[in-house]
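Letter by letter, the chains look like this.
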Amino acid sequence: MSLFETTPSVNTLTKAESLSMTNAPLLEIRNLRKNYQTPAGVIEALRGVNLKLYPAEFVAVVGKSGAGKSTLINLITGIDTITQGEIYFRGEAVHSLSDEQKTQWRGKNLGVVFQFFQLLPTLNLIENIKIAMDLQHFLSPLERYERALELLDLVGIKEHANKIPAKISGGQQQRVAIARALANDPPLIVADEPTGNLDSRTAAEIFDLFSALTKQGKTIMMVTHDRGIEKWAYRIIEISDGMVYEK
Ligand code: ADP
């Protein structure tokens, strides 16, 4: 077979394939499986997921309820433990790290955004962001304060910096949560239905913000139920019955 015959035309490549021609993956998942033992038997929540995320991608994860979306996010973030499979980050085998090394790896490389924001209610917005840097010993205390303010500015709510979360809207709280996810300057942001609790106009603002972050080099992986996400996300993957499909 000639080289010409084995090289697919650019138009026939999926987005993931065309990205793989120019980039090394940031995150690579190989044959990821998650079983839950329940009184009713074993639930195979993920049944051999293979996935590569590339630098500066905005990837939306879609699929029906119970398909395995949150499980995938929870295995990446370490909220849950993997049954079988491998996770590589910039080629490093994350699955082989000790628990302590995994915690360090996540603190440095992963920002997480949740549906219900999960801000600390008694701390003001600056402190909510600063605490993420305190935990990682990132920068000096004064620099942490300045960076927290810069991040609040970046997400457009610097003027509320000294308020507690209850004094701002849900959309604004999610902006703070995104600023917190960015605190230690991780290359990868993972978000599980970050707009699930927001109206559609506010959701669009959050997607705009994520989109702007990918232009600065961040990789975003976001579970969403929002229709019309293709307006923002470059790549959409569907999870169905514990398997991943490129759309
Ligand atoms: P999605 O996020 O797509 O709605 P999930 O990842 O939450 O789906 O769930 C995938 C499957 O795993 C479902 O059948 C769900 O009931 C099951 N599951 C999720 N978490 C648990 C758990 N902690 N214990 C038992 N089963 C679970």
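For the structure, check the block above.
We now turn to the structure provided with this report. (Residues numbered from 1 in each chain as written. Predicted model: local features only at pLDDT ≥ 70, side-chain atom pairs only at ≥ 80, totals over all residues. Heavy atoms only, no water.)

Some details on the nonpolar core
- With 40 residues, the main nonpolar core has Ile 129, Leu 152, Val 176, Ile 178, Phe 210, Met 222 and Ile 229 as its most contacted residues.
- Of all the secondary structure elements, the ones that give two or more residues to this core are strand 3 (58–62), helix 5 (125–136), helix 6 (141–154), helix 7 (170–182), strand 7 (188–192), helix 8 (200–215) and strand 8 (219–223).
- Among residues more than four places away in sequence, those in contact with Ile 129 are Ala 148, Leu 151, Leu 152, Val 176, Ala 179, Arg 180 and Ala 183.
- One finds Ile 29, Leu 46, Leu 97 and Val 244 within the second-largest nonpolar core, a separate group that totals 28 residues. (Core = buried A, V, L, I, M, F, W, Y, C linked by side-chain atoms within 4.5 Å. Buried < 20%, exposed > 50% of the residue type's maximum accessible area, 1.4 Å probe, protein only. Helix = DSSP H or I, 4+ residues; strand = E, 2+ residues; numbered from the N terminus. Contact = heavy atoms within 4.5 Å.)

Overview of the site of the ligand
- Around the ligand, the neighbouring residues are Tyr 36, Thr 38, Ile 43, Ala 45, Lys 64, Ser 65, Gly 66, Ala 67, Gly 68, Lys 69, Ser 70 and Thr 71.
- Lys 69 places a side-chain nitrogen or oxygen 2.7 Å from an oxygen atom of the ligand.
- Here Ser 70 contributes a backbone N or O atom positioned 2.8 Å from an oxygen atom of the ligand.
- In the complex, the protein chains occlude 62% of the 560 Å² of accessible area that the ligand would expose alone. (Near = heavy atom within 4 Å. Polar contact = N/O pair within 3.5 Å; in protein donor to acceptor, adjacent residues only side chain to side chain. Areas by Shrake-Rupley, 256 points an atom, 1.4 Å probe, with all protein chains shown as cover.)

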